[in-house]
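Next come the chains, spelled out residue by residue.
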Amino acid sequence: MQRHKLAFSLLIFSLLPLSLLARPYVLVLSQEDLKEIPSSPATTDVDPTESPPEWDEFGDSDSKPEHELDPGSWRPIFEPDAATNSASNLDPEMEQYYSAVEKMFSAVTDGEVRVVEEAVAEIEELATVKGNSHARSVLGFLYGLGQIKERDKAKAFLYHHFAADGGNLQSKSALAYTYYRQQMYEKAIILYAELAEVAVNSFLISKDSPVIEPVRIHNGAEENKDVLRKSRGEDDDVFQILEYQAQKGNAGAMFKIGYFYYFGLRGLRRDHAKALAWFSKAAEKGEPRSMELLGEIFARGAGVERNYTKALEWLTLAAKLQLSSAYNGMGYLYVKGYGVQKKNYSKAKEYFERAADNDDAGGHYNLGVMHLKGIGVKRDVRLACQYFIVAANAGQPKAFYQLAKMFHMGVGLRKNLAVATALYKLVAEQGPWNSLSRWALESYLKGDVGKAFLLYSRMAELGYEIAQSNAAWILDKYAERSMCMGESGFCTDSERHQRAHSLWWQASEQGNEHAALLIGDAYYYGRGTERDYERAAEAYMHAKSQSNAQAMFNLGYMHEHGQGLPVDLHLAKRYYDQALEIDAAAKLPVTLALSSLWIRKNYADSFMVHVIDSLPEVYPKIEGWVENVILEDGNAMILALFVCLITVLYFREQQRRNVVVPPAAAGEVGIRDHNMDHAPPALN
């Protein structure tokens, strides 16, 4: 690559459909971001000594289980089978904590406000009297949300601060997000760096899992039915068909089912035993991807006794069947010295290069680590940076972690705390607390909207944009069913609007244009806040920057009518035209708006302009009359019959006028043909 100019675009992609994801994060690196670092001598691959202490970039094979990585997690409540071993060793205080939290969620499911209050009182006693850090974290969450407790950001911050000091990582995440929103990067980066390290330690060893993003349960204002259907786990029709094919001996179907169980995809919980069984069956039929993951399973000891020799055997078999990504796992074993006689950096580099040559993200990442640390090669931070960027483009989360550290410490890249914090946040959100999204989705699919709302609200506090929009959408969509509670029972409509407004606002800050659009609507119509056309215009401008057609139309309307923006008919037309360019479905409203604009331009202060200006006031009255009168049971039928009668009478009158009556003879009286009463009206 040319030295005089280096510009890279860094995008996050996932193996999940793009409709499930938040907006991609974009990072552009220029020549100014890169620092000159002299090359260092290569570490010889025959050196039998251990790697330097900081050399942990290929993962720790003795990584902790998730319940230890996320102390105080609600896993024993939502996944009791998976947390059986850890739950059996709880002290009485933690048993009391989990009992109170479970009581709170059960009461939310049953709609028992009094029982929820009792559970919160128990949690408060644990937090204030016994100083339990995890109870303090929950209390901070309830104060921040305003659930049962009065909404008090200061108390929420204080409780999270003490909980974080006591080791609760979710409170650290809440504090980090609070600092991040206020652009206090010096404080936010310390917390996010710690959280990102925990997240990296929870990742798999040699075969990186797909980046699991929380599922967006809505698409705009409507429920995201297609995505939800694919998240029903074993109840999904497609999964059942796949399982039937696997039982009939289809090796590809066997691999897919094992893959879903191993990584916990499509609404399934991770089940290493089932994954191992399906991978073994598929491997017997010569399925190379299953062989590679069997190598990962034995290297990690996931559901089996760790055996690096078997791991190398399975990876070698997969590589012989032309599965290039298996070379990455083989390189990992050689660089760590697992399952082989001794470490061999040259061999490891060779295998990483084979994987990278076939566009394997793990291969690029591991080559980046070797060049960053000078392991078996000359230290070259520029080249390492290029490898990390390629890996990050392919969705490799550990590559983002490395880039974050480089920006944080100023190693190879110019120090930039804002960028480093954003990248750490990105990695931290893949940590074990991400399980909240799975529990929330499971609750929603079971119809337990209140529990889903509470779980999404917890995630929203930790800074997850999708959770913020999901919680806000539940409030708007389900009203009282959302189990939104204040100090004195269920939330009023105004309280729900205010809470949804706050959540939508946070989501809009993180690039959600639909949220920005709804914030604009809230200010424009005065829903959950005071009417403010200028702030509405600001929100619409933010949504417009995300190429939102509705926001462009709204900006055109505000320029046309001088609401929060200066009257500018030319700019209004430009916005209307842009809305149509982006969304063809906007043709009818744009055509009507352009017609209004033409009348306003050519017949200023005319009667027609006054009629157009009065429509926003008249329309709600007409809409209310239609809903309350016309659509009332029975009235619609009466109105339809009345319209039919008027139509018939109209055509009869037209027919009568068009009939030519011959002049009658003197003294004769015209005799009417009674058969005409039954003839259909003539359509002229």
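Placed above this text is the structure.
All values reported here derive from a predicted model rather than from experimental measurement. (Residues numbered from 1 in each chain as written. Predicted model: local features only at pLDDT ≥ 70, side-chain atom pairs only at ≥ 80, totals over all residues. Heavy atoms only, no water.)

1. Notes on the overall build of the chain
Point 1. A tally of helices and strands in the chain yields 32 helices and six strands.
Point 2. By the burial criterion, 48% of the 684 residues in the chain qualify as buried.
Point 3. Nonlocal contacts in the chain, meaning residues at least 24 apart in sequence, comprise 60% of its contacts between residues at least 6 apart.
Point 4. A total accessible area of about 33800 Å² is found for the chain, and carbon and sulfur atoms account for 53% of it. (Helix = DSSP H or I, 4+ residues; strand = E, 2+ residues; numbered from the N terminus. Buried < 20%, exposed > 50% of the residue type's maximum accessible area, 1.4 Å probe, protein only. Contact = heavy atoms within 4.5 Å. Areas by Shrake-Rupley, 256 points an atom, 1.4 Å probe, with all protein chains shown as cover.)

2. Some details on the packing of aromatic side chains
Point 1. Taken as a whole, this structure holds 27 aromatic pairs when the rule is applied.
Point 2. Geometrically, the ring pair formed by Y524 and Y533 is tilted, given 5.0 Å between the ring centres and 50 degrees between the ring planes.
Point 3. In this structure Y524 comes out as buried when scored by relative accessible area, which is 12%.
Point 4. Put simply, the rings of F255, Y259, Y262, F263 and F279 pair up and form one aromatic cluster.
Point 5. K281 extends its terminal NZ or CZ atom over the ring of W278, reaching a point 4.8 Å from the ring centre.
Point 6. Taking NZ or CZ as reference, R535 lies 5.7 Å from the ring centre of W505, over its face. (Phe/Tyr/Trp six-rings, centres within 6.5 Å; stacked < 30°, edge-to-face > 60°. Lys NZ or Arg CZ within 6 Å of the ring centre and 35° of its normal.)

3. Examining the environment of A355
Point 1. Here A355 is to be found in helix α17 (residues 345–357).
Point 2. Taking the C-alpha atoms as reference, A355 lies 5.2 Å from S325; in sequence the two are 30 residues apart.
Point 3. Look past the residues within four positions of A355 in its chain and what remains in contact with it is S324, Y327, N328, D360 and G363.

4. A word on the packing of helix α4 (residues 92–110) against helix α5 (residues 113–128)
Point 1. Close contact between α4 and α5 brings their axes to 8 Å; oriented N to C, the two are set at 155 degrees. Looking at the two axes, α4 sits roughly antiparallel to α5. With respect to the hand of their crossing, α4 and α5 are arranged in left-handed fashion. Touching E93, Q96, Y97, A100, V101, K103, M104, A107 and V108 of α4 are V115, V116, E118, A119, V120, E122, I123 and L126, all from α5. (Axes fitted to C-alpha atoms, helices over the stretch in contact; angles between N-to-C directions. Parallel < 35°, antiparallel > 145°, perpendicular 65-115°, else oblique. Left-handed = near helix turned anticlockwise from the far one by under 90°.)

5. What about helix α11 (residues 237–247)?
Point 1. Turning to α11, its buried residues are F239, L242 and A246. For α11, the arc enclosing every buried residue in end-on projection is 60 degrees, short of the 170-degree limit, so these residues lie on one face. Away from its buried face by more than 90 degrees, α11 exposes D237, I241, Y244 and Q247.
Point 2. In this structure, the buried residues of α11 make contact with α12 (251–263) and α13 (272–284).
Point 3. Once α11 ends, the next one or two residues include G249, with phi positive near 105 degrees. (Arc of directions from axis to C-beta.)

6. Topic: the side chain of N470
Point 1. Its location among the elements puts N470 in helix α24 (residues 465–478).
Point 2. For N470, a relative accessible area of 0% translates into the label buried.
Point 3. Excluding residues that lie within four positions of it along the chain, N470 makes contacts with V215, R216, I217, H218 and Y456.

7. So, the packing of helix α26 (residues 513–525) against helix α28 (residues 549–561)
Point 1. Here α26 crosses α28 at 30 degrees, and the two axes come no closer than 10 Å. One element, α26, and the other, α28, form an angle in the roughly parallel class. The handedness of the crossing between α26 and α28 comes out as left-handed. Between α26 and α28, the residues in contact are L517, D521 and Y524 and Q550, A551, N554, Y557 and M558, respectively.
Point 2. For the contact of α26 with α28, a count of residues per class yields five nonpolar, two polar and one charged. (Nonpolar A, V, L, I, M, F, W, Y, C, P; charged D, E, K, R; others polar.)

8. Let's talk about the pattern of salt bridges
If charged atoms from side chains of opposite charge come close, those side chains can pair.
Point 1. For the structure shown, the criterion picks out 23 salt bridges.
Point 2. Ionic pairing is found between K155 and E150, a salt bridge with its closest N-O pair at 3.3 Å.
Point 3. K155 gets classed as partly exposed once you look at its relative accessible area, which sits at 33%.
Point 4. The exposure class of E150 is partly exposed, given its relative accessible area of 25%.
Point 5. E353 is the salt-bridge partner of K349, the closest N and O atoms lying 2.5 Å from each other. Pair noted here: K349 and E353 are both in helix α17, with a separation of four residues, about one helical turn.
Point 6. Here the salt bridges do not stand alone but share partners, grouping K103, R114, E118 and E122 into one network. (Salt bridge = Lys/Arg side-chain N within 4 Å of Asp/Glu carboxyl O.)

9. A look at the side chain of S173
Point 1. Position of S173 among the secondary structure elements: in helix α8 (residues 169–181).
Point 2. A distance of 3.4 Å separates a polar atom in the side chain of S173 from the backbone oxygen of L462.
Point 3. For S173, the residues in contact, after removing those within four places along its chain, are Y192, L195 and L462. (Polar contact = N/O pair within 3.5 Å; in protein donor to acceptor, adjacent residues only side chain to side chain.)

10. Some details on the state of the cysteines
Point 1. Within the structure shown, the criterion is met by one disulfide.
Point 2. Disulfide partner of C484: C491, at an S-S distance of 2.1 Å. In this structure the cystine formed by C484 and C491 twists about its S-S bond by roughly -75 degrees; its chirality is therefore left-handed. Just as C484 is buried, C491 falls in that class too. (Disulfide = S-S within 2.5 Å.)

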